[in-house]
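What follows is the residue order along each chain.
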Amino acid sequence: MDLLYLLRAGQGGYLSGSALARNYGLSRAAVWKHIEDLRARGYVIEAKPRLGYRLLASPDALTAEEVLPVLSTKSIGRYYHFFEELASTNDEAKRLGAAGAPAGTLVVAERQTAGRGRLGRTWTSPPGGLWLSLLLRPNLPLADLGPLTVLAAVALAKALARETGVKARIKWPNDLLVEQHKIAGILAEAQGELGCANQVVLGLGLNVNQETADFPADIRARATSLRGILGHEMRRAPILRAFLEVFEDLYEHGLIHGFRDVLAQAAANSATLGHPVRITGQSGVLEGLAVRLDPDGALVVRTATGDVRVMAGDIE
Ligand code: BT5
């Protein structure tokens, strides 16, 4: 018996305990036990003699029960794995991928104990954020995967605008900023051979309900959350749902028609293009003007000695 489903389907009306027990062949005590389990997980359920049970409020949870019933994607997020705690959702998604999990598999954790950024940096992931990894099998050469990070950033910016009204801009290659403060970061990791990526794990961290004090001192001045911007908490399931739906649309389009459109959208919403940049990358420091995104996702920087294409790096 999916009691939560029935309570929701009741749309705020009462569900008779005795009818439930009868229809599902349960004792009334067993129904009561289910109700108590849901309450322990944060669901507010009213119980009235003679009338029955009524769902009054749901927790801000990212469990499959909260997300899947409202999700309208075909594959993205359909194989849903929720954990209260993980070291890193990217590691779990890679592990699932290696064990044969299908494309679209999603790993979500309430908190991460070893959340990672690029180059092994720490990603602070306390409860209340959105920490997720998507497993993709795009069947593209490794060299063609650059736009996927950008695609995830565009999808998240669109989802945020749609669900919260917050306008975030994309800082190349993998950050989302709101007024110069980092609200989200993306970490794409691929496994495969040069000719073809067997699997790509796209990790995304979005600060949602953290308060300023929740950020470590060294990033407090540079980081922000939706709560910090809006001044109140936000439910995360609708944001996750919006992200997955927008992502799927852009991704399916990109696989068929190429990533030109999504790169154009990223360029139009870029916090980087048109600005002087100082980029620290594998081959040292580069200074110049960020002029455009190439079709493979590279940033073109106009320097004193000519245009230089940069595939990855940190921008100041
Ligand atoms: C990123 O790296 O921005 C990629 C972050 C990806 C995190 C997601 S969460 C789900 C999935 N599982 C993982 O283990 N990771 C992914 P990078 O550009 O290298 O930025 C890292 C830097 O951002 C750190 O060195 C800090 O300065 C800063 N930072 C750390 N935690 C932050 C947070 N919660 N909000 C804003 N900035 C943060």
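What comes next concerns the included structure. Keep in mind that what you see is a predicted model, and the values were worked out from it rather than measured.

Scoring rules and cut-offs
- Residues numbered from 1 in each chain as written.
- Predicted model: local features only at pLDDT ≥ 70, side-chain atom pairs only at ≥ 80, totals over all residues.
- Heavy atoms only, no water.
- Phe/Tyr/Trp six-rings, centres within 6.5 Å; stacked < 30°, edge-to-face > 60°.
- Buried < 20%, exposed > 50% of the residue type's maximum accessible area, 1.4 Å probe, protein only.
- Helix = DSSP H or I, 4+ residues; strand = E, 2+ residues; numbered from the N terminus.
- Near = heavy atom within 4 Å.
- Polar contact = N/O pair within 3.5 Å; in protein donor to acceptor, adjacent residues only side chain to side chain.
- Areas by Shrake-Rupley, 256 points an atom, 1.4 Å probe, with all protein chains shown as cover.
- Nonpolar A, V, L, I, M, F, W, Y, C, P; charged D, E, K, R; others polar.
- Pairing = 2+ DSSP bridges.
- Axes fitted to C-alpha atoms, helices over the stretch in contact; angles between N-to-C directions.
- Parallel < 35°, antiparallel > 145°, perpendicular 65-115°, else oblique.
- Left-handed = near helix turned anticlockwise from the far one by under 90°.
- Contact = heavy atoms within 4.5 Å.

## Quick word on the packing of aromatic side chains
And step 1. Counted under the stated rule, the structure contains 4 aromatic pairs.
And step 2. Seen from their ring centres, Trp-123 and Trp-131 are 6.5 Å apart, and the 80° between their planes marks the pair as edge-to-face. Each member of the pair, Trp-123 as well as Trp-131, carries the same accessibility label: buried.
And step 3. Both rings, one in Phe-247 and one in Tyr-251, keep their centres 5.5 Å apart while their planes meet at 25°; by these two values the pair is stacked. Linking Phe-247 with Tyr-251, this pair stays in helix α9 (residues 237-257), spanning 4 residues, or about one helical turn.
And step 4. Relative accessible area serves as the criterion here: at 0%, Phe-247 is assigned to the buried category.
And step 5. Assessed through its relative accessible area of 7%, Tyr-251 is described here as buried.

## Comments concerning the site of the ligand
And step 1. Contacts to the ligand come from 28 residues, most closely from Ser-88, Arg-116, Arg-121, Lys-182 and Asn-207.
And step 2. Between an oxygen atom of the ligand and a side-chain N or O atom of Ser-88, the distance comes to 2.7 Å.
And step 3. Between the ligand and Asn-207 there is a distance of 2.8 Å, counted from a nitrogen atom to a side-chain nitrogen or oxygen.
And step 4. Protein chains shield 93% of the accessible area of the ligand, which is 790 Å² for the free molecule.
And step 5. The set of elements that each furnish at least two residues to the shell around the ligand consists of α5 (89-98), β5 (130-136), β8 (181-193) and β9 (196-206).
And step 6. Classifying every residue of the shell around the ligand gives 8 nonpolar, 14 polar and 6 charged.

## Structural notes on the sheet that holds strand β12 (residues 299-303)
And step 1. Taking strand neighbours across the sheet as the criterion, the 5 strands line up as β13-β12-β11-β10-β14 in an open arrangement whose pairing is antiparallel. Looking at which strands have only one partner, the edges of the open sheet turn out to be β13 (306-310) and β14 (314-315).
And step 2. Taken together, the 2 bridges between strand β10 (residues 276-281) and β14 define a ladder with antiparallel strand orientation. The partner of Thr-280 across the bridge, within β14, is Asp-314.

## Points about the packing of helix α6 (residues 146-164) against helix α10 (residues 260-268)
And step 1. Close contact between α6 and α10 brings their axes to 9 Å; oriented N to C, the two are set at 60°. In terms of axis orientation, α6 runs oblique to α10. With respect to the hand of their crossing, α6 and α10 are arranged in left-handed fashion. Packed against α6, whose contacting residues are Val-150, Leu-151, Val-154 and Lys-158, the element α10 presents Val-262, Leu-263, Gln-265 and Ala-266 at the interface.
And step 2. Partitioning the contact of α6 with α10 into residue classes produces 6 nonpolar, 1 polar and 1 charged.

Interpretation note: all reported values are geometric properties and have no functional meaning in isolation.
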